[in-house]
Amino acid sequence: MAHISGSADRAARDLRVVFSRLRRRIREVARDDGDGAEGVLTPSQESALTLVGKHGAATASALAAAEGVRPQSMAATLAALDGHGLIGRAPDPADGRRQLVTLTDAGRARIEGNRQAREEWLARAFEDRFTEEERQTVLAALGLLERLSRP
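Residues numbered from 1 in each chain as written. Predicted model: local features only at pLDDT ≥ 70, side-chain atom pairs only at ≥ 80, totals over all residues. Heavy atoms only, no water.

A. A look at the environment of Gln-136. Structurally, the position occupied by Gln-136 is in helix 6 (residues 132–145). Within the structure, Gln-136 has its side chain in polar contact with the side chain of Glu-132 (distance 2.8 Å). (Helix = DSSP H or I, 4+ residues; strand = E, 2+ residues; numbered from the N terminus. Polar contact = N/O pair within 3.5 Å; in protein donor to acceptor, adjacent residues only side chain to side chain.)

Below you can see the structure in the form of structure tokens.
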């Protein structure tokens, strides 16, 4: 393995820690806001709801595989989401023995509300905690970090 400089090693470690903390805080923002008619969801329920939204229509087993959980765990999570009225189930047109899980209107609204709450919290945090010069520095750093996301 090629030599990795101390600064590269530290940047990788610190970035991972900061992103992990920020991701956790952003998830908390959506949960803090999730006290409407649908009730508060667990982190695994929020994650599964988002996954259903990404897949459009999927079987419980496909969702379990995508989430990396046992089918029984996903079935329990989906039952809770169904109880909250956030997902619906319909027969798979390709195989009537299976059911496809989709979002209800309430599920789509929940995901959109979570997204908006997260974006608003983050924008407000940048506004309140950073000067204009610091925000410009963050924007410049994000431009550099964008290279990490490329293949």
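Anyway, onward from the coordinates.
B. Molecular detail of the confidence of the model for the protein chain. Within the protein chain, residue pLDDT values average 90, and 93% of them lie at 70 or more. The least confident element of the protein chain, judged by mean pLDDT, is helix 1 (residues 6–33) at 88; the most confident is helix 6 at 96. (pLDDT = per-residue confidence, 0-100.)

C. Just the layout of surface pockets, in detail. As a volume, the largest pocket reaches approximately 510 Å³. Elements with a minimum of two residues in the lining of the largest pocket: helix 1, helix 5 (105–129) and helix 6. (1 Å grid on protein atoms, 1.4 Å probe; cavity = no way out; pocket = protein on both sides within 12 Å on 5 of 7 lines; lining within 4 Å. Points joined across faces, edges and corners; volume = space filled by probe spheres on them.)

D. Focus on the environment of Ser-5. As for its position among the elements, Ser-5 is in the segment before helix 1. Along the sequence, Ser-5 and Gly-113 sit 108 residues apart, while their C-alpha atoms lie 43 Å from each other. A polar side-chain atom of Ser-5 sits 3.2 Å from a polar atom in the side chain of Ser-7.

E. Expanded view of the nonpolar core. Ranked by size, the top nonpolar core spans 15 residues in total, and within it Leu-49, Val-52, Leu-63, Leu-78, Leu-81 and Ile-87 carry the most contacts. The set of elements that each furnish at least two residues to this core consists of helix 2 (43–55), helix 3 (60–67), helix 4 (71–83) and strand 2 (95–103). A per-element tally of this core places helix 2 first, with four residues. Ile-26, Val-29, Ala-117 and Ala-125 belong to the second-largest nonpolar core, a separate cluster that totals five residues. (Core = buried A, V, L, I, M, F, W, Y, C linked by side-chain atoms within 4.5 Å. Buried < 20%, exposed > 50% of the residue type's maximum accessible area, 1.4 Å probe, protein only.)

F. A look at the packing of helix 2 against helix 4. It is at 10 Å that the axes of helix 2 and helix 4 come closest, and there the two elements cross at 85 degrees. Relative to helix 4, helix 2 is oriented roughly perpendicular. Within the contact between the two elements, helix 2 uses Ser-44, Gln-45, Ala-48, Leu-49 and Val-52 and helix 4 uses Met-74, Thr-77, Leu-78, Ala-80 and Leu-81. Looking at the contact of helix 2 with helix 4 residue by residue, the classes come out as seven nonpolar, three polar and no charged. (Axes fitted to C-alpha atoms, helices over the stretch in contact; angles between N-to-C directions. Parallel < 35°, antiparallel > 145°, perpendicular 65-115°, else oblique. Contact = heavy atoms within 4.5 Å. Nonpolar A, V, L, I, M, F, W, Y, C, P; charged D, E, K, R; others polar.)

G. Quick peek at the packing of aromatic side chains. Enumeration over the complete set of coordinates arrives at one aromatic pair. Residues Phe-126 and Phe-130 carry aromatic rings whose centres are separated by 5.3 Å and whose planes lie at 40 degrees to one another, so their mutual orientation is tilted. With a relative accessible area of 27%, Phe-126 lands in the partly exposed category. Taking relative accessible area as the criterion, Phe-130 reaches 32% and is therefore assigned partly exposed. (Phe/Tyr/Trp six-rings, centres within 6.5 Å; stacked < 30°, edge-to-face > 60°.)

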